[in-house]
Amino acid sequence: MAVRDAGFLLVGLLVLFHTWGAWAAVEVNMEDRVEVFRGETAQIACMFKSDDGIGGTTIKWFYTTRSGERQNIYFQDSTMKTVHRGTPFTDRISVNGTGASGGVVLTINNVRLEDELEFICFIKSLTDGDGEGRTKLKVFETPALPTIEVVQTGFSVSEDSPSKIGVCEVKNGFPKPNITWYRNNTPLRSNQDVVLTTTMESSGLYSVRSELNMKVMKEDKDALFYCEVNYFVPGGTRMTETNRINITVYYPSTAVSVWVESPKGKIKEGDSVELHCHGNGNTESSMSITHAGVEQTLDSNMLVLNNVTRLNSGVYQCNSLDLETFETISRNITVFVNYLDPAVVIPEDTVVVDQGEELKATCNALSSLQTHTAWFKNGEEVLKGHTLIVKDVTLHTAGTYVCMVTVPEIKGMETSGTLRVNVMGTPEIVKPDNTEIEESFEKSVELSCLARGFPAPSITWTTSDGKVLKAEPQKQMEDSVQSVVRVKVTSDLTVVCSASNKFGTDAMTFSIKAIKTETVVPPEKIKKEGSGVIIAVIIICILLLAILGSVLYFLYKKGKICGRSGKQDLTKEKSNKDNIVVEMKSDNTEEAILLGVNGEKQPPSDQ
């Protein structure tokens, strides 16, 4: 009985142990996903807890096919490690770790796009049961830089339907990149404006093409369009943009502008006037300007009026005709041409005034602007104002007066008139600076006499003894006459210039003094003669020295000097003390000749 009870107890314990093993499960921890770039290495970790150790644990790796089936790729127990053959991962996977530390790592080399699957780590324990974990492998590929192309033909705001603006494209990305259009930094999200096309390349990568269609407005002429591309990378997303593009928008003019481009400021007669006429649209249009009922079609939106007169003043109308809608818009500008009539001087041309009387003249010019008048004589201003008044006129008053009328507001706007004034009266001779002249005998002197007066005086020349001199023809000047005479000086002389007309005579006397001249040797000649004398003296001195030397030598030979006799011992050797040296050097620095006592040249050693 006891043995049978013990057997029942053992069977119960075995049943209980088997039931507990069926209910127990190994705890497996894995990441939800592992992200990696295509071509790189992926590592999938499998962490578990088991008390059986290496000897009681079996590890298997699976992946889930696209159809949902499990495919075994790896097996490991206490005795062996096996990579299953015939799978896409056979040559590219390895498992690191034995499981003793509670974890193993599946390594996949050279990850491909088709590796984006779910991987299962299965753990089986003798006592703890089994368990599994799952990790999804995500594969990424950075796309090429995006491109943008714009339609070059341009767009009209008058079109009713949307126009194709441009195309953005990004190629070879994984997963599929996203394209967003922007207009001036504002995204365009309307589905009806964007047509998106996605293409899967033979490599499995995605290329995305986005076409923007929209109805343009005038404001789009200054807008910048571009595309933003967002794509996925391990751990997040990245963004890149295309370059900005501008589109051509055609729109009709809603207003025109007309202005005078030149000259700047007020216009005067004789100017060239340049009128500009422009519309604010950019569609094809016809521009013209109408004045006094005459319409002129513009070339380059510009009209040039050459050498304008006051008749060109008036209203000018700028017209713009849109060639699409045939609508005309206009704007006016008023052009005024300022004028200045020729100056009128009263009395005209020439006036004759008696000496001592009053001179009065006026000068006026009709103008559209305020004028300024001034009178000039000989280039100098003599009076401001329209009226010229000179009381008690003299011969100095005579001459030509210029009346200048100017318009201060416009540079170069001026006119002038002239008045010739003659003053009747006795002639008056203008006295020169010097009437007393000194000149050498037989020389000629030129005398000039200038006389004012009206009628023009007649000038005669006479000497103190009553001789009439023949002068050059009188020269008529603006308010005077001039006479010139040449006189040969043979003695002291007095010459009289007389100027006379019907009112009287004026005279002036020139005193000419004849002077004698002495012959003066030119300094250059004196210098040359002095140099010759010096050279002659030097030559004479050299000759005297030569003669003196010869005499001394002769006396020496005769023994008349230094206690010497006239005889010489022919066998006695000559010594330097017995030598008399005479050096003769010519003026041209020739080589000196050294003479011995016998008159022979000494060798260089004896010198």
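Here the residue numbers are simple positions, counted from 1 along each chain's written sequence. At least 70 in pLDDT is required for a residue's local features to be given in this predicted model, at least 80 for side-chain atom pairs to be given and counted, and no such filter applies to totals for whole chains, interfaces and linings, which use all residues. For side-chain calculations, the full set of non-hydrogen atoms in the structure is used, while hydrogens and water are omitted.

Moving on, we get to the packing of aromatic side chains. Each aromatic ring pair is specified by the distance between its two centres and by the angle formed by the two planes. Any two rings among Phe, Tyr and Trp, with Trp reduced to its six-membered ring, count as a pair given centres within 6.5 Å; such a pair is stacked if its planes are under 30 degrees apart, edge-to-face if over 60, and tilted if neither. With the rule as written, the count across this model stands at six aromatic pairs. When the ring of Tyr63 is compared with that of Phe89, the centres are 5.1 Å apart and the planes differ by 65 degrees; the resulting orientation is edge-to-face. Highlighted residues: Tyr63 in strand S4 (residues 57–64) and Phe89 in the loop between strand S6 (81–83) and strand S7 (93–96), separated in sequence by 26 residues. Considered together, Tyr63 and Phe89 belong to a single accessibility category, that of buried residues. Geometrically, a charge over a ring is one whose NZ (Lys) or CZ (Arg) sits within 6 Å of the ring centre while staying within 35 degrees of the ring normal. In this structure, Arg244 is placed above the aromatic ring of Tyr226, and the distance from its NZ or CZ to the ring centre is 3.7 Å. For the cation-ring pair, Arg310 lies above Tyr339, with the distance from its terminal atom to the ring centre recorded as 3.9 Å. Per the convention used, a helix needs a DSSP run of H or I reaching at least four residues, while a strand needs a run of E reaching at least two, with both numbered from the N terminus. Throughout, exposure labels follow a simple rule: accessible area from a 1.4 Å probe, protein chains only, divided by the maximum for the residue type, with under 20% read as buried, over 50% as exposed, and the rest as partly exposed.

Any two cysteine sulfur atoms lying within 2.5 Å of each other are counted as a disulfide. In the structure shown here, the tally under the stated rule is five disulfides. Between the sulfur of Cys277 and that of Cys318 lies a disulfide, 1.4 Å long from S to S. Around the S-S axis, the bridge from Cys277 to Cys318 shows a dihedral of about 55 degrees and counts as right-handed. Taken together, the residues span a long stretch of sequence, with Cys277 in strand S23 (residues 273–279) and Cys318 in strand S27 (residues 314–322) at a distance of 41 residues. Exposure class is identical for Cys277 and Cys318. Each is buried. The disulfide partner of Cys449 is Cys497, and the gap between their sulfur atoms is 2.0 Å. Its S-S torsion of approximately -85 degrees makes the covalent link between Cys449 and Cys497 left-handed. On the criterion of sequence distance, the pair formed by Cys449 in strand S39 (residues 444–454) and Cys497 in strand S44 (residues 493–501) is long-range, its members being 48 residues apart. In terms of burial, Cys449 and Cys497 fall into one category: buried. Disulfide partners in the chain, listed by the sequence order of the bonded cysteines, are 1-2, 3-4, 5-6, 7-8, 9-10.

So, about unusual backbone geometry. Cis geometry marks the peptide bond from Phe174 to Pro175; its omega dihedral reads -5 degrees. Residue position: Pro175 is located in the loop between strand S13 (163–173) and strand S14 (178–183). In this model, Ile346 is joined to Pro347 through a cis peptide bond whose omega is 0 degrees. Within the secondary structure, Pro347 sits in the loop between strand S30 (344–346) and strand S31 (350–354). Located in the positive-phi region is Asn172, a residue other than glycine, with phi close to 60 degrees. Relative to the elements of secondary structure, Asn172 occurs in strand S13. The exposure class assigned to Asn172 is partly exposed, which follows from its relative accessible area of 33%. If you check the backbone angles, Glu442 has positive phi at about 65 degrees while not being a glycine. Inspection of the secondary structure assignment puts Glu442 in the loop between strand S38 (436–440) and S39.

What follows concerns the pattern of salt bridges. Side-chain pairs of opposite charge can arise where the charged atoms are in close proximity. Salt bridges are defined as contacts in which a side-chain nitrogen from Lys or Arg sits within 4 Å of a carboxyl oxygen from Asp or Glu. Using the criterion set out here, one finds 22 salt bridges in the structure. One salt bridge in this structure joins Asp91 and Arg85, with 3.8 Å as the shortest N-O distance. Judged on exposure class, the residue Asp91 and its partner Arg85 are both exposed. Ionic contacts of the salt-bridge type, sharing partners, join the residues Arg70, Glu118, Glu132 and Arg134 into one network.

Another aspect to go through is the nonpolar core. With 30 residues, the main nonpolar core has Cys46, Trp61, Ile73, Leu106, Ile108, Phe119 and Leu137 as its most contacted residues. Where this core is concerned, the elements lending two or more residues are strand S2 (33–37), strand S3 (42–49), S4, strand S5 (70–76), S7, strand S8 (103–108), strand S9 (118–125) and strand S10 (129–140). The greatest single-element share of this core, amounting to four residues, is contributed by S3. Excluding residues within four positions of it along the chain, Ile73 makes contact with Trp61, Phe62, Tyr63, Thr82, Val83, His84, Thr87, Phe89, Ile93, Leu106 and Phe119. Throughout, nonpolar core names a set of buried Ala, Val, Leu, Ile, Met, Phe, Trp, Tyr and Cys residues whose side chains join them through atoms within 4.5 Å. In terms of nonpolar packing, the next biggest core, distinct from the first, is built from 24 residues, Leu340, Ala365, Val405 and Val423 among them. Note on definitions: a residue-residue contact is assigned when non-hydrogen atoms from the two residues lie within 4.5 Å.

With that settled, consider the sheet that holds strand S16 (residues 194–200). Pairing between strands requires that DSSP locate at least two bridges from one strand to the other. In space, the four strands of this open sheet follow the order S11-S13-S17-S16, with antiparallel pairing throughout. Two strands in the sheet have a free side with no partner beyond their single neighbour: strand S11 (147–150) and S16. Sheet twist, expressed as the average angle between the axes of neighbouring strands with direction ignored, equals 15 degrees. Helix axes use the C-alpha atoms of the stretch in contact, all axes being lines fitted to C-alpha atoms, and the angles between their N-to-C directions lie in the range 0 to 180 degrees.

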